[in-house]
Amino acid sequence: QVQLVESGGGLVQPGGSLRLSCAAAATIFSIYPMGWYRQGPGKKRELVAGITPEGTLNYADSVKGRFAVSGDNAKNTAYLQMNSLKPEDTAIYYCNMNGFWGQGTQVTVSS
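What comes next concerns the included structure. (Residues numbered from 1 in each chain as written. Predicted model: local features only at pLDDT ≥ 70, side-chain atom pairs only at ≥ 80, totals over all residues. Heavy atoms only, no water.)

### Describing the overall build of the chain
Using the following cut-off: Helix and strand definitions follow DSSP, with helices as H or I runs of at least four residues and strands as E runs of at least two, each counted in order from the N terminus. We take the radius of gyration over the C-alpha atoms and set the globule estimate at 2.2 Å times the residue count to the 0.38 power. Throughout, exposure labels follow a simple rule: accessible area from a 1.4 Å probe, protein chains only, divided by the maximum for the residue type, with under 20% read as buried, over 50% as exposed, and the rest as partly exposed. Contact criterion: two residues are considered in contact whenever any of their non-hydrogen atoms come within 4.5 Å of each other.
Helix and strand content of the chain: zero helices and eleven strands. Sequence-ordered secondary structure for the chain, helices as α and strands as β, is β-β-β-β-β-β-β-β-β-β-β. Here the chain has a C-alpha radius of gyration of 13 Å; the compact-globule value for 111 residues is 13 Å, and the two agree. C-alpha extents for the chain along the principal axes are approximately 40 × 30 × 25 Å. The proportion of buried residues among the 111 residues of the chain is 41%. The contacts of the chain with a sequence gap of at least 6 include a subset with a gap of at least 24, amounting to 52%.

### Details of the pairing of strand β4 (residues 34–39)
Selection rule: Strands are labelled as partners when DSSP assigns at least two bridges between them.
Bridge count between β4 and strand β5 (residues 46–51): five bridges; the pairing is antiparallel. When the sheet's bridge partners are listed, W36 is paired in β5 with A49. Where β4 folds back onto β5 in an antiparallel hairpin, the turn is made up of six residues, including G42, whose phi is positive at roughly 75°. Pairing of β4 with strand β9 (residues 91–97), which is carried by six bridges, proceeds in the antiparallel orientation. Its bridge partner lying in β9, G35 is registered against N96.

### Brief notes about the layout of surface pockets
Going by this rule: A cavity, in this analysis, means grid points on a 1 Å lattice covering only the protein atoms where a 1.4 Å probe fits yet has no way out; a pocket is instead an open set bounded by protein on both sides within 12 Å along at least five of seven lines, and a residue lines either one if it has an atom within 4 Å of a point. Grid points are joined across faces, edges and corners, and a volume is the space filled by probe spheres set on the points. Polarity classes work like this: nonpolar for Ala, Val, Leu, Ile, Met, Phe, Trp, Tyr, Cys and Pro, charged for Asp, Glu, Lys and Arg, and polar for all others, with Gly in that last group.
Here the largest pocket defines a volume of roughly 170 Å³. Along the wall of the largest pocket there are 13 residues; nearest its centre are F29, I51, T52, P53 and N73. Across the lining of the largest pocket, the residue classes break down as seven nonpolar, five polar and one charged.

What follows is the structure in structure tokens.
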């Protein structure tokens, strides 16, 4: 059974913006902390940002001030707003909740 589905990735120029979405099953959304991860070429998967059911936020130093994570309980969806994108942000982005992974969405930052 599919638990998480990411969308919103694409090709964007440096300095541009994208908003990723992670649609979750109603049975788990708002129950467990959610994390956005990414895996760039030749790199290991890393935590980018997280949000708890209580609304506590955390960000990797590399994205702090540029990315913002949020959630919409009515839609059972989490978001990652990405601004001032850099080529080094290029990666497959995944969401995770209670150990469940989405399929990932590709973000490519290039001119």
